[in-house]
Amino acid sequence: MCDDEIEVDLSEIRSISCHTELVEVPLNIQQRISKESYLQKITKMLEHIHRGDIYEANFCMEFFAKDAVIQPIEVYEN
């Protein structure tokens, strides 16, 4: 319903002046839950699938980095 607004939004984003100097900082990528916890949850989901309670599921493992410096516009331009 707002696909006609994308050009205006992109134009506004491009017009924002960022006065911060980018410094290369090594990323410390972390996972939100442990591998063991992830595998336990997946095993539980598989049990439900085998029982027939559910037939399909998506379960994602989140990764994040604190204090990451990014250029948001580059995400959309590449």
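Residues numbered from 1 in each chain as written. Predicted model: local features only at pLDDT ≥ 70, side-chain atom pairs only at ≥ 80, totals over all residues. Heavy atoms only, no water.

Trainee: Sorry if this is basic, but what is going on with the overall build of the protein chain here?
Mentor: Looking only at helices and strands, the protein chain features three helices and two strands. The linear arrangement of helices and strands in the protein chain, starting from the amino end, is α-β-α-β-α. Put simply, of all contacts in the protein chain between residues at least 6 apart along the chain, 72% involve residues at least 24 apart. Roughly 7600 Å² of accessible area belongs to the protein chain as shown, and the carbon and sulfur atoms make up 54% of that amount. (Helix = DSSP H or I, 4+ residues; strand = E, 2+ residues; numbered from the N terminus. Contact = heavy atoms within 4.5 Å. Areas by Shrake-Rupley, 256 points an atom, 1.4 Å probe, with all protein chains shown as cover.)

Trainee: How do you make sense of the packing of aromatic side chains when you look at a structure like this?
Mentor: Under the defined criterion, the tally for this structure stands at one aromatic pair. Over the ring of Phe-64 we find Arg-32, and its NZ or CZ is 4.0 Å from the ring centre. (Phe/Tyr/Trp six-rings, centres within 6.5 Å; stacked < 30°, edge-to-face > 60°. Lys NZ or Arg CZ within 6 Å of the ring centre and 35° of its normal.)

Trainee: Mind showing me how you'd approach the environment of Ile-42 here?
Mentor: Tracing the backbone through its elements, the reader meets Ile-42 in helix α2 (residues 35-51). Once the C-alpha coordinates of Ile-42 and Asn-58 are considered, the two residues, 16 residues apart in sequence, prove to be 9.9 Å apart.

Trainee: I keep staring at a nonpolar patch on the surface and nothing clicks. Help me out?
Mentor: A cluster of nonpolar side chains, contributed by Leu-27, Ile-29 and Phe-63, occupies part of the molecular surface with about 340 Å² of accessible area. Secondary-structure assignment places Leu-27 in the loop between α1 (6-15) and β1 (30-31). (Patch = residues over 30% accessible without salt bridge, like charges linked within 9 Å, V, L, I, M, F, W, Y side chains within 5 Å. Salt bridge = Lys/Arg side-chain N within 4 Å of Asp/Glu carboxyl O.)

Trainee: Hey, could you run me through the pattern of salt bridges in this one?
Mentor: Pairing between side chains of opposite charge can happen when the charged atoms of each approach one another. According to the stated counting rule, one finds two salt bridges in the structure shown. When the shortest N-O distance is used, the salt bridge between Arg-32 and Glu-62 registers 3.2 Å. A residue pair is termed long-range when its members are at least 10 positions apart, and Arg-32 in the loop between β1 and α2 and Glu-62 in the loop between α2 and β2 (63-64) qualify at 30 residues. Given the relative accessible area of 48%, Arg-32 is considered partly exposed. Across the pair Arg-51 and Asp-53 runs a salt bridge, and its minimum N-O distance is 2.7 Å. (Buried < 20%, exposed > 50% of the residue type's maximum accessible area, 1.4 Å probe, protein only.)

Trainee: Any chance you could explain a negative patch on the surface here in plain terms?
Mentor: Taken together, Asp-3, Asp-4, Glu-5, Asp-9 and Glu-12 make up a surface patch of like negative charges. Turning to its location among the elements, Asp-9 is positioned in helix α1. (Lys, Arg positive; Asp, Glu negative; His and termini not counted. Charge placed at Lys NZ, Arg CZ, Asp CG, Glu CD.)

Trainee: What should I look at first to understand α2 in this one?
Mentor: The first and last C-alpha atoms of α2 sit 24 Å apart over 17 residues, in line with the 24 Å expected at 1.5 Å per residue. A positive phi of about 95° marks Gly-52, the residue just after α2. (Expected span 1.5 Å × (residues − 1).)

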